[in-house]
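# Chain and residue survey
Next come the chains, spelled out residue by residue.
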Amino acid sequence: MMTKKMESPPRSYAPQSRFRRNWEAFREFGLEHVLRVLSFLLPNWLFYYNHAVMLAADDFGPESQSNSEYQVRFAVEADGINFPDMERNMFLSLLRRGDTCAVVTRAGRIVGFTWATTHRTYAPLTGSILEPGPNAVYFFNLFVHPSERHKGLALLMIGFQAEHYRKGGRTRVYAGSEIFNKASVNLFERSGYFYVGENIYTVFLGIHVTYYRYWPHPVQRFHAYFRTPNNIECS
């Protein structure tokens, strides 16, 4: 279907729109929004700030629905050649340790993916480590191409993964999100997820510090390190 290309907004409008968005974010998050903006302006080793929550659900929700335009399947090693937003070696390492990756394709092209694991896992964007335990699964690294968002593809992939782990006897699912990503938080809330953890992650001059306000399993209140672990080292 042909779509009309949108014209660029007047120059006087674009800065005003950015200002309005930042002002609204500042009103909601206060100083945290300023710190988050600085994280995008400065090198991550110099300064980085994030505030995240961990959510859980004991009901995996409805099974995924079929969609004639999009297909969902599990990723295989051959997908690593052109896999978006992940280094090939890490992609292969995660698959080989037993993690699963659901991909959604359109006309043969990968437009979204989400990972799931039953292993102890480090989330680099939020600086947190989660141990799912024997009865749970952890969804992480959910991505949908900007041109394909707001079409229900995230729930389509999560439902596909959930069916797989439900059959394996897993009764709880975990998922993390930055508090600044309101679309993600709202998506999980609407799907029946509840809050089980919260942490703040900062980096200053190469020193990484994670503070856990509360967490779904026993954990040190503070973690400080110079070199971040990867998911394979966490296993």
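Please refer to the structure placed before this passage.
Computed from a prediction, not measured in an experiment: that's the story for all the values here.

### Re the overall build of the protein chain
Scanning the protein chain for helices and strands turns up 6 helices and 11 strands. Expressed as a percentage of the 235 residues in the protein chain, the buried residues total 43%. For the protein chain, restricting intrachain contacts to residue pairs at least 6 apart in sequence, the fraction spanning at least 24 positions comes to 63%.

### Brief notes about the packing of aromatic side chains
The final tally for this structure, using the stated rule, is 11 aromatic pairs. With a centroid separation of 4.8 Å and an interplanar angle of 55°, the aromatic rings of F74 and F160 are classed as tilted. Highlighted residues: F74 in strand β2 (residues 71-74) and F160 in helix α4 (residues 153-167), separated in sequence by 86 residues. An aromatic cluster of at least three residues, connected via ring pairs, comprises F91, W115, Y138 and F140.

### Focus on the nonpolar core
Formed by 28 residues in total, the largest nonpolar core has its most connected members in F83, W115 and Y174. For this core, the elements supplying multiple residues, two or more each, are β1 (47-57), α3 (88-96), β3 (100-106), β4 (109-117), β5 (121-123), β6 (128-130), β7 (136-144) and β9 (194-204). In terms of residue count, α3 provides more of this core than any other element does, 4 residues in total. Among the nonpolar cores identified, the runner-up in size contains 18 residues, and F29, V137, V173 and A175 belong to it.

### Considering unusual backbone geometry
The phi dihedral of A107 is positive, around 55°, even though this residue is not glycine. Within the secondary structure, A107 sits in the loop between β3 and β4. With a relative accessible area of 80%, A107 lands in the exposed category. Its identity is not glycine, yet L205 carries a phi of approximately 55°, on the positive side.

### As for helix α2 (residues 31-41)
Restricting attention to buried positions, one finds in α2 the residues E32, H33, R36 and S39. Buried residues of α2 fall within an arc of 110° about the axis and therefore sit on the same side. Opposite the buried face of α2, by more than 90 degrees, sit the exposed residues L31 and L41.

### A closer look at the sheet that holds β2
Spatially, the 9 strands line up as an open sheet ordered β2-β3-β4-β7-β8-β1-β9-β10-β11, and their pairing is mixed. Here the strands that pair on one side only, and so sit at the sheet edges, are β2 and β11 (222-225). With direction set aside, neighbouring strand axes in the sheet form an average angle of 20°. Of the pairings in the sheet, the one linking β7 to strand β8 (residues 172-178) comprises 4 bridges and is parallel in character. By the bridge assignment, F139 is partnered in β8 with A175. Of the strands in this sheet, β1, β8 and β9 are in contact with helix α5 (residues 182-190), which crosses β8 at around 155°.

### Structural notes on the side chain of T121
With respect to the helices, strands and loops of the structure, T121 is situated in strand β5. Residue classification places T121 among the buried residues on the basis of a relative accessible area of 1%. A polar side-chain atom of T121 sits 2.9 Å from a polar atom in the side chain of R97. Only 2.9 Å separates the side chain of T121 from the backbone oxygen of H119, close enough to count as a polar contact.

### What to know about the environment of M157
Within the element layout of this structure, M157 appears in helix α4. Residues M157 and W115 lie 42 residues apart in sequence; the distance between their C-alpha atoms is 9.4 Å. Apart from residues lying up to four places away in sequence, M157 is in contact with V72, A102, V103, V104, G112, F113, T114, F143 and V144.

### Things to note about the pairing of β1
Counting buried positions along β1 yields 11 of 11 residues, so the element is predominantly enclosed. Here β1 shows a buried face lined by F47, Y49, H51, V53, L55 and A57 and a second buried face lined by Y48, N50, A52, M54 and A56. Pairing analysis gives 10 bridges linking β1 to β9, with the strands arranged antiparallel. Paired with V53 across the bridge in β9 is E198. In terms of strand pairing, β1 meets β8 through 6 bridges, oriented antiparallel. Among the inter-strand pairings, A52 is bridged to a residue of β8, identified as E178.

Calculation notes
- Residues numbered from 1 in each chain as written.
- Predicted model: local features only at pLDDT ≥ 70, side-chain atom pairs only at ≥ 80, totals over all residues.
- Heavy atoms only, no water.
- Helix = DSSP H or I, 4+ residues; strand = E, 2+ residues; numbered from the N terminus.
- Buried < 20%, exposed > 50% of the residue type's maximum accessible area, 1.4 Å probe, protein only.
- Contact = heavy atoms within 4.5 Å.
- Phe/Tyr/Trp six-rings, centres within 6.5 Å; stacked < 30°, edge-to-face > 60°.
- Core = buried A, V, L, I, M, F, W, Y, C linked by side-chain atoms within 4.5 Å.
- Arc of directions from axis to C-beta.
- Pairing = 2+ DSSP bridges.
- Axes fitted to C-alpha atoms, helices over the stretch in contact; angles between N-to-C directions.
- Polar contact = N/O pair within 3.5 Å; in protein donor to acceptor, adjacent residues only side chain to side chain.

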